[in-house]
Amino acid sequence: NLLIKNCVALANAGAVRIINCPDLVIENSVILRSNIQNMVLGNHAEETITIRNSILGDNQPSKSHVPTFEVRSGHFLIEGNNCYYVRLPDEERKAFHFGDFGGELRRMGAAHFNREFGQSPSLVANPNFAGLTRVAADKREGYGGDTIMSVGELSFEDFFPTDAAVRERGMGLEPEAFKKAP
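All values derive from a computational prediction rather than experimental measurement.

Novice: An account of the sheet that holds strand E2 (residues 8-10) is needed here, citing residue identities and associated values.
Specialist: Spatially, the five strands line up as an open sheet ordered E2-E5-E8-E11-E14, and their pairing is parallel. Strands with a single pairing partner mark the edges of an open sheet, and in this sheet they are E2 and strand E14 (123-124). Inspection of the sheet shows strand E5 (residues 30-32) paired to strand E8 (residues 55-57) by two bridges, in the parallel sense. For Ile 31, the partnering residue across the bridge sits in E8 and is Leu 56.

Following this line, the structure appears as structure tokens:
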């Protein structure tokens, strides 16, 4: 049993790599802009992985042909109420790769996976991270996951979503978890 909550995984070789961890839960987290894959999850059949209320972004531009989420057993992935933030159209990007699905289902977009297997509706949207306001307006074009890397010193607050739909649905970091005690 492992809970990853209110975490940011950003810009490394593989943001989250977890193997053989039954009952893994990832919630209210931001996983974004890894060098190769944002998540590699390798549980055995019947070992559930839950991903909910999170913002799941894309990897670096030169790796957009690589699936950003690799899951050994998609049948035991409990997914819902996530914001998928990808740099290419979702059905073209096909961010998921599943080891236990055959044929065309082996690679699929986030919206397709959520429609077929999700526990609750997810979004494919730009969360508009708060930290992007710290970047000059003329430098904010393109994928925000790349742009936010130009902010000098990042804080958790920089990853709070400002998009109304994402905020209303409680996706991403929970601001109350980062309030300083009096």
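Novice: Tell me about the nonpolar core, and please be specific about residues and values.
Specialist: Among the nonpolar cores identified, the biggest contains 26 residues, and Val 16, Met 39, Leu 41 and Phe 96 are the most heavily contacted of them. Every element with two or more residues in this core is listed here: strand E3 (14-19), strand E4 (24-27), strand E6 (37-42), strand E7 (49-52), strand E9 (69-71), strand E12 (96-98) and helix H2 (110-117). Ranked by residue count, the leading element in this core is E3, at three residues. With sequence-adjacent residues up to four places away left out, Met 39 is seen in contact with Val 16, Ile 26, Ile 31, Ile 51, Leu 56, Thr 68, Phe 69 and Glu 70. Counting 17 residues, the second largest nonpolar core, distinct from the first, contains Val 30, Phe 129, Leu 132 and Val 166.

Novice: Before we move on, can you summarise the packing of aromatic side chains with the specific residues and values?
Specialist: Summed over all chains, the structure comprises 12 aromatic pairs. Ring geometry for Phe 98 and Phe 113: centres 4.9 Å apart, planes at 25 degrees, overall stacked. Of this pair, Phe 98 sits in strand E12 while Phe 113 sits in helix H2, and the two are 15 residues apart along the sequence. With respect to burial, Phe 98 and Phe 113 carry one shared label: buried. Plain terms: the ring middles of Phe 160 and Phe 178 are 5.9 Å apart, the flat faces sit at 55 degrees to each other, and that makes the pair tilted. Taken together, the positions of Phe 160 in the loop between helix H3 (144-147) and helix H4 (164-168) and Phe 178 in the segment after H4 put the pair 18 residues apart, joining distant regions of the chain. Relative accessible area serves as the criterion here: at 15%, Phe 160 is assigned to the buried category. One aromatic cluster in this structure is built from Phe 69, Tyr 84, Phe 96, Phe 98, Phe 113 and Phe 117.

Novice: Go over H2 with me, naming the residues and quoting the values.
Specialist: For H2, every residue scored as buried is listed here: Ala 110, His 112, Phe 113 and Asn 114. In this structure, the buried residues of H2 make contact with strand E10 (77-80), strand E11 (83-85), helix H1 (90-93), E12 and strand E13 (107-108).

Novice: I'd love a proper account of the state of the cysteines, names of residues and values included.
Specialist: What the rule picks out here adds up to zero disulfides. The thiol of Cys 7 is not disulfide-bonded; the next cysteine sulfur, from Cys 21, is found 13 Å away. The thiol of Cys 83 is not disulfide-bonded; the next cysteine sulfur, from Cys 7, is found 18 Å away.

Novice: If you had to explain the pattern of salt bridges to someone new, which residues and values would you point to?
Specialist: In this structure the tally under the stated criterion is seven salt bridges. Of the charged contacts in the structure, one is a salt bridge between Arg 52 and Glu 27, with a shortest N-O distance of 2.6 Å. Note that Arg 52 is positioned in strand E7 and Glu 27 in strand E4, a separation of 25 residues in sequence. Given the relative accessible area of 33%, Arg 52 is considered partly exposed. The partner of Arg 87 in a salt bridge is Asp 146, and the shortest N-O contact between them spans 2.7 Å. Here Arg 87, found in the loop between E11 and H1, pairs with Asp 146, found in helix H3; they are 59 residues apart in sequence, far enough to count as distant. Salt bridges linked by common partners bring Lys 5, Glu 27, Arg 52 and Glu 174 together as one network.

Novice: Hey, could you go over unusual backbone geometry for me, with residue numbers and the actual values?
Specialist: A positive phi angle, near 50 degrees, is found at Asn 28, a position not held by glycine. Asn 28 gets classed as buried once you look at its relative accessible area, which sits at 4%. Positive phi values are uncommon outside glycine, yet Lys 94 reaches one of about 45 degrees. Following the sequence through the fold, Lys 94 ends up in the loop between H1 and E12. Classification of Lys 94 by relative accessible area gives partly exposed; the value is 32%.

Thresholds, definitions, all that
- Residues numbered from 1 in each chain as written.
- Predicted model: local features only at pLDDT ≥ 70, side-chain atom pairs only at ≥ 80, totals over all residues.
- Heavy atoms only, no water.
- Pairing = 2+ DSSP bridges.
- Helix = DSSP H or I, 4+ residues; strand = E, 2+ residues; numbered from the N terminus.
- Core = buried A, V, L, I, M, F, W, Y, C linked by side-chain atoms within 4.5 Å.
- Buried < 20%, exposed > 50% of the residue type's maximum accessible area, 1.4 Å probe, protein only.
- Contact = heavy atoms within 4.5 Å.
- Phe/Tyr/Trp six-rings, centres within 6.5 Å; stacked < 30°, edge-to-face > 60°.
- Disulfide = S-S within 2.5 Å.
- Salt bridge = Lys/Arg side-chain N within 4 Å of Asp/Glu carboxyl O.

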